[in-house]
Amino acid sequence: MSKPTTGPFEKTAGWLDWYAGPSKPKFQVPPGSVDAHCHVFGPGAEFPYAPERKYTPCDASKAQLFALRDHLGFARNVVVQATCHGADNRALVDALQSSDGKARGVATVKRSVTDDELNALHAAGVRGVRFNFVKRLVDFTPKDELMEIAGRIAKLGWHVVIYFEAVDLPELWDFFTALPTTVVVDHMGRPDVSKPIDGPEFELFLKFMREHPNVWSKVSCPERLSVSGPPALDGEQSAYRDVVPFARKVVETFPDRVLWGTDWPHPNLKGHMPDDGLLVDFIPHIAPTAELQKKLLVDNPMRLYWPEEK
Ligand SMILES: O=C(O)c1cc(C(=O)O)oc(=O)c1
């Protein structure tokens, strides 16, 4: 892969660039696998970062994303609008339109979005909107505004992707459970994996999924959630072991409602930047059978993002 670059923008201090020499995974993903959570950043010279952003990344272009897809053995991507682009979806749309039909997307929109704009996003391959509740990433948006957006995008057959921290689930519960669409949780709702897996916090997340069959989860981002490490670097095959029981529990309990993604280019990591090849090698630890792997990597994302092909 080519190396990360920066255009006219100055990166946030301490920014870690994505890993330019990912290893070839030992685990071979099933044919037709989908990386269902990844981003593009800019390039800033072409698609400027949003004025309201909370961080300025290095560039991470569509060509670099597609090269990673091929290198890791994936067939398709779901590109999720990154907060550094706000509600300006141009970089996302450009990536989708350049993908030969191999990428679909999740956008961020404001209440002011027009029906024509939503229809154009749909034509480009957008199938969901993202609502973000992580305070270090976005400013607050009133819930009535989000609910209005959810009602409008439901008519297009789209879903809502939510990103929040585990401690905030109780406060957000009523809003989340009132959403009229399929709801996809980013990164398992960010559990604190230093707490017990059968403790009240993770139990609430499992209850959220158990009691609401429209709720799905991405079992992604062990590199963000792990406290114990070791990091996925230098061939490490036992990376992020403290995350395994949490992710495996979700995969085994709700095998038809889980998705997996690299989260490339891994915004805001502080300690290390993982080798994406080793992240793929993490998959069989959380989805130990071929049947679970196929659901996680092929059947589920295809049902959600390419339903016309099923
Ligand atoms: O935890 C994060 O910092 C993060 C940020 C973004 C984004 O800025 O969109 O997306 C993610 O999936 C994760």
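Everything quoted here is computed from the prediction, not taken from an experiment.

What counts, and where the lines are drawn
Residues numbered from 1 in each chain as written. Predicted model: local features only at pLDDT ≥ 70, side-chain atom pairs only at ≥ 80, totals over all residues. Heavy atoms only, no water. Pairing = 2+ DSSP bridges. Helix = DSSP H or I, 4+ residues; strand = E, 2+ residues; numbered from the N terminus. Contact = heavy atoms within 4.5 Å. Axes fitted to C-alpha atoms, helices over the stretch in contact; angles between N-to-C directions. 1 Å grid on protein atoms, 1.4 Å probe; cavity = no way out; pocket = protein on both sides within 12 Å on 5 of 7 lines; lining within 4 Å. Points joined across faces, edges and corners; volume = space filled by probe spheres on them. Nonpolar A, V, L, I, M, F, W, Y, C, P; charged D, E, K, R; others polar. Polar contact = N/O pair within 3.5 Å; in protein donor to acceptor, adjacent residues only side chain to side chain. pLDDT = per-residue confidence, 0-100.

**Q** Just checking my understanding: could you explain the sheet that holds strand E2 (residues 76-80) for this structure?
**A** Working definition: the strands of a sheet are paired by backbone hydrogen bonds and lie parallel or antiparallel to each other. Sheet architecture is open: eight strands sit in the order E1-E2-E3-E4-E5-E6-E7-E8, paired in parallel fashion. In this open sheet, the two edge strands, each paired with only one partner strand, are strand E1 (34-38) and strand E8 (258-259). Relative to E8, strand E7 (residues 215-218) is paired through two bridges, and the arrangement is parallel. When the sheet's bridge partners are listed, Lys 218 is paired in E8 with Leu 259. Against the sheet, helix H6 (residues 200-211) engages strand E5 (159-163), strand E6 (183-185) and E7, with an angle of about 130° to E7.

**Q** Help me understand empty space enclosed by the protein in this model?
**A** If a probe as big as a water molecule is rolled over the atoms, it shows which places are left empty. Applying the stated criterion across every chain, the model contains four cavities of 30 Å³ or more. The calculated volume of the largest cavity comes to roughly 110 Å³. As for the largest cavity, its lining consists of 14 residues, and the residues nearest its centre are Arg 130, Leu 137, Tyr 163, Arg 224 and Pro 267. Partitioning the lining of the largest cavity into residue classes produces five nonpolar, five polar and four charged.

**Q** Is there a simple way to explain the side chain of Asp 242 in this structure?
**A** Mapping Asp 242 onto the fold places it in the loop between helix H7 (222-225) and helix H8 (244-253). A polar side-chain atom of Asp 242 sits 2.8 Å from a polar atom in the side chain of Ser 226. At a separation of 2.7 Å, a polar atom in the side chain of Asp 242 contacts the main-chain amide nitrogen of Val 227. Setting aside anything within four residues of it in sequence, one finds Asp 242 in contact with Val 193, Ser 226, Val 227, Ser 228 and Gly 229.

**Q** Just checking my understanding: could you explain the confidence of the model for the protein chain for this structure?
**A** If pLDDT is low for a region, its predicted coordinates should not be looked at in detail. For the protein chain, per-residue confidence averages 97 on the pLDDT scale, and residues scoring 70 or more make up 100% of the total. For this predicted complex, the interface confidence score (ipTM) comes to 0.98, while the overall pTM stands at 0.97.

**Q** Just to check I follow, could you spell out the layout of surface pockets for this structure?
**A** Of the volumes computed, that of the largest pocket is approximately 460 Å³. Contributing to the lining of the largest pocket are 22 residues, with Thr 108, Lys 110, Val 138, Asp 139 and Thr 141 lying nearest its centre. Its residues assigned to classes, the lining of the largest pocket comprises nine nonpolar, six polar and seven charged. Here the second largest pocket is characterised by a volume of approximately 210 Å³. As for the second largest pocket, its lining consists of Asn 132, Phe 133, Val 134, Lys 135, Val 138, Asp 139, Phe 140, Thr 141, Lys 143, Asp 168, Glu 171 and Leu 172. Counted by class, the lining of the second largest pocket contains five nonpolar, two polar and five charged residues.

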